[in-house]
Number of protein chains: 2
Amino acid sequence: MRKEIMKKERIIEQKFQVNFQFNVLFTHNIFDVENSILQQLLSENALNTSKALVVVDGGVKEAHPMLLTAIKDYFKHYNKSIALQGEILIVPGGEPAKNDETLIKSILDKINQFGIDRHSYVIAIGGGAVLDAVGFAAAIAHRGVRHIRIPTTVLSQNDSGIGVKNGINTYGKKNFTGSFASPYAVVNDATFLTTLDDRDWRAGIAEAVKVALIKDAEFFEWLESESEALANRNMEVMDELIYRCADLHMQHIRTSGDAFEQGSSRPLDFGHWAAHKLEQLTNFSVRHGEAVAIGIGLDSAYSHLKGYLDQPSLDRILNLMAKLGFDLYHPQLSEQVIQGLEEFREHLGGQLTIMLLDAIGHGFEVHEMDEEVVLEAMKYIKQYSAEKLEV
Amino acid sequence: MRKEIMKKERIIEQKFQVNFQFNVLFTHNIFDVENSILQQLLSENALNTSKALVVVDGGVKEAHPMLLTAIKDYFKHYNKSIALQGEILIVPGGEPAKNDETLIKSILDKINQFGIDRHSYVIAIGGGAVLDAVGFAAAIAHRGVRHIRIPTTVLSQNDSGIGVKNGINTYGKKNFTGSFASPYAVVNDATFLTTLDDRDWRAGIAEAVKVALIKDAEFFEWLESESEALANRNMEVMDELIYRCADLHMQHIRTSGDAFEQGSSRPLDFGHWAAHKLEQLTNFSVRHGEAVAIGIGLDSAYSHLKGYLDQPSLDRILNLMAKLGFDLYHPQLSEQVIQGLEEFREHLGGQLTIMLLDAIGHGFEVHEMDEEVVLEAMKYIKQYSAEKLEV
């Protein structure tokens, strides 16, 4: 018996690589018939007419009353090579898109109904939440149909929309259900940014500050020098911000060696552990970028209080955020937020890994957070915000 | 206007590789406490006690009345390093596992309830259908928790269980919803094969004949020489068959350059277009391996009738299948099956791509099937089977 159990057993070792490739294209007026970028994308690898299902964020439709007509006209104009499938599907924008599992079902219904296959397209036009939900549906239909993202917010154009993650919120947990999947392509159309409300315009800038803080001191200085232009909604400066921020995020994915995050390290999630919890505690009335701004402030203050980051650097960080118009404090930023550490660890899996700063432009990781000092950092931020308000 | 639309726009090119790695271990009596393979697997990358959720195929539980006790005792014995989470979840075996979406939900419920994270484990013990369904749930929870497969049938040990696909049947379509995901590890325990009924024992051999036909003439000859031993349920010969068949499948995934099947080519799906349709038409009363055997016979006859494969080779193929005890004809093998071609194309996406044979051990691809000749091939198989029965 023993002998049989322990006899030299065989092993086959499997090891392979999968290549992923996609482009992020920057354009204006994507659905103007004179702009053939999307038509070219859809037909570049096609033997026949390319079928595309189009899903639009309800908020974007409201802001651009002519959008649906423009999309239909665009497909009509190029009807030799591309074919719109059925009616354009309108879905609720913002976090509700990710909180409603029936949305996934309704997209899968359409994918089935119109015979969208692994060489057909699901195009999503909207903010990060809509892209995350549609992207998940596209990723699991036929084990992945081609997915083109047209992000319409600063946040989705410079961060979430150009990455390789999708997901929805289930069990009250952010992104509990989702997958890693490379989009077929991303098209950043600056035209959509013109109608953003001030909150969404500003919120997306938080991820640029974040990536600058952990990776690129020069970009941080540029943000300081352009903070007024950004606060005043200068479009050209925003174009440049999005390009540089997207580029830094994409470089990270390309060079990290762990694009599908099999380890516990999540450097791009600087400031995010508190942000996720704050979004949840406020029932998403605080938007992701706004929460990230608060999370950045908190973890920067923590970095300083633990002696890693000097006072002038912390001052520069908080002042930049304030200049950009961010609230750095929220009444819910209290003890309960600290539970976010364990939830963040659980979502990453394995060891708690938190990015901190030892200089502007340089992050480093720790595996423990001192809860007393986190509470002190909260007080520091509260105090800073109160003084700002008095001025 | 025109100028703005057409101005030189920017592009960021993204390109990265993701590395996947897992082992297929061959063993006996995996839950004997003297066999530490599973304990080693679960704890090799762990900082703390490893949490594992265990899901068992109802059919396997029936066939091995002591299994649940053995699993619990195993975890108790190694409780310093591994911890079973909650009750062992029993799920229906066979295709029903893939036809019921609520199964995915119940596994996700447990993953949430027990805090299974990206460094914890979901272990599935069962046939290919159960592994496919559990694997899908594991792949989408937290964007992928670690999944260990313990396949219990010939088919799942030599083919489906050692691959990188999962999925469930939705909209009445096989694997409509699913993903590509690498398991954390696969453990093939030969002990489970001893209780298989004759149909399941035999069914799994079809995939070995398939991979031999398209890739390895020497393996085909070995199958011919061992056909009697296999029909008589010689365990040692079956061990060898599974090892060689798994090895060929894994080599293919490793060297194809398209492990996640982004193209339209699906060489390992020789004989599968008709098989999928036949399973569906018979409401899965024909098992996958049985259907694949019929599909192999059909596409071999087609290869011959189109002039690609010589008569002696076709005879050898059909005779081997008959010797192994396969039925090569089914009353549902008629015109309706031909719809399977379009469904197969849709699932693959893009161009129809079908593997045919020009010799034993060598497949080649075509992009068109002559429906008249498919019908002739069906008649040929019907005739062959009738003659076999008369003998």
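We now turn to the structure provided with this report. (Residues numbered from 1 in each chain as written. Chains lettered and ligands numbered in written order. Predicted model: local features only at pLDDT ≥ 70, side-chain atom pairs only at ≥ 80, totals over all residues. Heavy atoms only, no water.)

## Some thoughts on the overall build of chain A
- Per the secondary structure count, chain A includes 18 helices and 11 strands.
- What you see for chain A is a C-alpha radius of gyration of 22 Å, in line with the 21 Å of a compact globule of 391 residues.
- Surface accessibility of chain A: about 15,100 Å² in total, with carbon and sulfur atoms responsible for 48%.
- Within chain A, the 54 negative side-chain charges are centred at a point lying 9 Å from the centre of the 38 positive side-chain charges. (Helix = DSSP H or I, 4+ residues; strand = E, 2+ residues; numbered from the N terminus. Rg over C-alpha atoms; globule rule 2.2 N^0.38 Å. Areas by Shrake-Rupley, 256 points an atom, 1.4 Å probe, with all protein chains shown as cover. Lys, Arg positive; Asp, Glu negative; His and termini not counted. Charge placed at Lys NZ, Arg CZ, Asp CG, Glu CD.)

## So, helix H4 (residues 67–77) of chain B
All names here are of chain B.
- Looking at H4, one finds that the buried residues are Leu67, Leu68, Ile71, Tyr74 and Phe75. One side of H4 holds all its buried residues, which, seen down the axis, span an arc of 125 degrees.
- On the buried face of H4, the contacting elements are helix H2 (37–43), strand E2 (50–57), helix H3 (58–63), strand E3 (82–84), strand E4 (89–91) and strand E5 (121–126). (Buried < 20%, exposed > 50% of the residue type's maximum accessible area, 1.4 Å probe, protein only. Arc of directions from axis to C-beta. Contact = heavy atoms within 4.5 Å.)

## So, the nonpolar core
- Judged by nonpolar contacts, the single largest core of 173 residues is most densely connected at Leu241(A) and Leu241(B).
- Once residues within four sequence positions are removed from consideration, Leu241(B) is found in contact with Val154(B), Asn158(B), Ile205(B), Ala208(B), Phe219(B), Trp222(B), Leu223(B) and Leu230(B).
- Counting 54 residues, the second-largest nonpolar core is a separate cluster that includes Ala129(A), Leu89(B), Val134(B) and Ala137(B). (Core = buried A, V, L, I, M, F, W, Y, C linked by side-chain atoms within 4.5 Å.)

## Side note on the pattern of salt bridges
All names here are of chain A.
- The final tally for this structure, using the stated rule, is 40 salt bridges over all chains.
- Its salt-bridge partner being Lys98, residue Asp132 comes within 2.7 Å of it at the nearest N-O pair. Pair noted here: Asp132 is in helix H7 (residues 128–140) and Lys98 is in helix H5 (residues 96–99), with a separation of 34 residues, a long-range link.
- Salt bridges sharing common partners tie together Glu95, Lys174 and Glu279. (Salt bridge = Lys/Arg side-chain N within 4 Å of Asp/Glu carboxyl O.)

## Some points on the packing of aromatic side chains
- Throughout the structure, instances matching the rule amount to 26 aromatic pairs over all chains.
- Seen from their ring centres, Phe31(A) and Tyr74(A) are 5.6 Å apart, and the 90 degrees between their planes marks the pair as edge-to-face. With Phe31(A) in the loop between strand E1 (11–27) and helix H2 (37–43) and Tyr74(A) in helix H4 (residues 67–77), this pair connects stretches of sequence that are 43 residues apart. The same class applies to Phe31(A) and to Tyr74(A), which are both buried.
- Considering the side-chain rings of Tyr171(B) and Phe176(B), the 5.0 Å spacing of their centres and the 70 degrees angle between planes classify their relative orientation as edge-to-face.
- Owing to a relative accessible area of 30%, Tyr171(B) belongs among the partly exposed residues under this scheme.
- When its relative accessible area of 0% is taken as the criterion, Phe176(B) is described as buried.
- In textbook terms, an aromatic cluster arises when at least three aromatic residues are bridged by ring pairs, as seen for Phe16(A), Phe20(A), Phe180(A), Phe260(A), Phe16(B), Phe20(B), Phe180(B) and Phe260(B). (Phe/Tyr/Trp six-rings, centres within 6.5 Å; stacked < 30°, edge-to-face > 60°.)

## Structural notes on the packing of helix H14 (residues 272–281) of chain B against helix H15 (residues 288–305) of chain B
Residue and element names in this part refer to chain B.
- One can describe the packing of H14 onto H15 by two numbers: an axis separation of 7 Å at closest approach and a directional angle of 135 degrees. Considered as vectors, H14 and H15 are oriented oblique to each other. Here H14 and H15 pass one another in a crossing that is right-handed. Within the contact between the two elements, H14 uses His272, Trp273, Ala274, Ala275, His276, Leu278 and Glu279 and H15 uses His288, Ala291, Val292, Ile294, Gly295, Leu298 and Asp299.
- Grouping the amino acids of the contact of H14 with H15 by side-chain chemistry returns 8 nonpolar, 4 polar and 2 charged. (Axes fitted to C-alpha atoms, helices over the stretch in contact; angles between N-to-C directions. Parallel < 35°, antiparallel > 145°, perpendicular 65-115°, else oblique. Left-handed = near helix turned anticlockwise from the far one by under 90°. Nonpolar A, V, L, I, M, F, W, Y, C, P; charged D, E, K, R; others polar.)

## Overview of the pairing of strand E6 (residues 146–151) of chain B
Residues and elements named next belong to chain B.
- When you tally the buried positions in E6, you get 6 out of 6 residues, the bulk of the element.
- Residue alternation in E6 divides its side chains into two sets, Arg146, Ile148 and Ile150 and His147, Arg149 and Pro151, and both sets are buried.
- As paired strands, E5 and E6 are joined by 6 bridges and run parallel to one another. When the sheet's bridge partners are listed, Ala124 is paired in E6 with Arg149.
- Crossover handedness for the path E5 to helix H7 (residues 128–140) to E6: right-handed.
- Across 2 bridges, E6 lies against strand E9 (residues 185–189) in parallel orientation. Bridge pairing in E9 places Ile148 opposite Ala185. (Pairing = 2+ DSSP bridges. Right-handed = clockwise from strand over helix to strand, strands pointing away.)

## What to know about the packing of helix H15 (residues 288–305) of chain A against helix H18 (residues 371–390) of chain A
Residue and element names in this part refer to chain A.
- Look at H15 against H18: their axes get within 8 Å of each other, and the N-to-C directions meet at 115 degrees. Handedness of the crossing formed by H15 with H18: right-handed. Only Val373, Val374, Glu376, Ala377, Met378, Tyr380 and Ile381 of H18 make contact with H15, whose side of the interface consists of Gly297, Leu298, Ala301, Tyr302 and Leu305.
- For the contact of H15 with H18, the class distribution of residues is 10 nonpolar, 1 polar and 1 charged.

## What about the relation of the copies chain B and chain A?
- Mapping chain B onto chain A is achieved by rotating through 180 degrees and translating by 0.0 Å along the same axis, at an RMSD of 0.0 Å. A rotation of that kind, with that shift, is consistent with a two-fold axis. When each C-alpha of chain B is compared by its distance to the rotation axis, Val18(B) comes out closest, at 2.7 Å.
- Both copies share a contact surface, since 100% of the interface residues of chain B are interface residues in chain A too. (Least-squares fit on C-alpha atoms with pLDDT ≥ 70 in both.)

## Section: the side chain of Lys98(B)
All names here are of chain B.
- Lys98 gets classed as buried once you look at its relative accessible area, which sits at 3%.
- Here the side chain of Lys98 touches Asp132 through a polar contact of 2.7 Å, side chain to side chain.
- Among the polar contacts made by the side chain of Lys98, one reaches the side chain of Asn175 at a distance of 2.6 Å.
- Once you skip the residues sitting within four places of it in the chain, Lys98 turns out to touch Ala129, Asp132, Gly167, Ile168, Asn169 and Asn175. (Polar contact = N/O pair within 3.5 Å; in protein donor to acceptor, adjacent residues only side chain to side chain.)

## Quick look at the side chain of Asn188(A)
All names here are of chain A.
- Within the secondary structure, Asn188 sits in strand E9 (residues 185–189).
- Relative accessible area serves as the criterion here: at 1%, Asn188 is assigned to the buried category.
- Among the polar contacts made by the side chain of Asn188, one reaches the main-chain carbonyl oxygen of Gln157 at a distance of 3.0 Å.
- Aside from chain neighbours lying at most four places away, what touches Asn188 is Val24, Leu25, Phe26, Thr27, Pro151, Gln157, Ile162 and Ile242.

## Quick word on unusual backbone geometry
- The phi torsion at Asn29(A) lies on the positive side, around 50 degrees, for a residue other than glycine.
- Relative to the elements of secondary structure, Asn29(A) occurs in the loop between E1 and H2.
- Even without being glycine, Asn283(B) reaches a positive phi, approximately 55 degrees.
- In this structure, Asn283(B) sits in the loop between H14 and H15.
- Note on Asn283(B): relative accessible area 66%, which makes it exposed.

## With respect to the interface of chain B and chain A
- The partner chain A presents 78 residues to the 78 residues of chain B that form the contact.
- Taking both partners together, chain B and chain A bury about 7,900 Å²; carbon and sulfur atoms supply 51% of that area.
- Broken down residue by residue, the surface that chain B buries against chain A is led by Ile12(B), Gln14(B) and Arg143(B), which jointly contribute 13%.
- Counting every contact that joins chain B to chain A gives 4 salt bridges.
- Here Arg10(B) ties to Glu240(A) by a salt bridge, and the two come within 3.0 Å at their closest N and O atoms.
- Summed over the shared surface of chain B and chain A, the number is 36 residue pairs in polar contact (both at pLDDT 80 or more).
- At the level of secondary structure, the elements contributing two or more residues to the side of chain B that touches chain A comprise helix H1 (2–6), strand E1 (11–27), helix H6 (101–113), H7, strand E7 (165–170), strand E8 (173–180), helix H13 (235–255) and helix H17 (339–348) of chain B.
- When residues in the side of chain B that touches chain A are grouped by element, the largest group, 17 residues, is from E1(B).
- Residue classes in the side of chain B that touches chain A are distributed as 30 nonpolar, 25 polar and 23 charged. (Buried area = accessible area lost by both parts, 1.4 Å probe.)

## Observations regarding a negative patch on the surface
Residues and elements named next belong to chain A.
- A cluster of acidic side chains, namely Glu335, Glu371, Glu372 and Glu376, defines a negative patch on the protein surface.
- As for its placement among the helices and strands, Glu335 is situated in the loop between helix H16 (311–323) and helix H17 (339–348).
- Given the relative accessible area of 57%, Glu335 is considered exposed. (Patch = residues over 30% accessible without salt bridge, like charges linked within 9 Å, V, L, I, M, F, W, Y side chains within 5 Å.)

The analysis is restricted to geometry; functional conclusions fall outside its scope.
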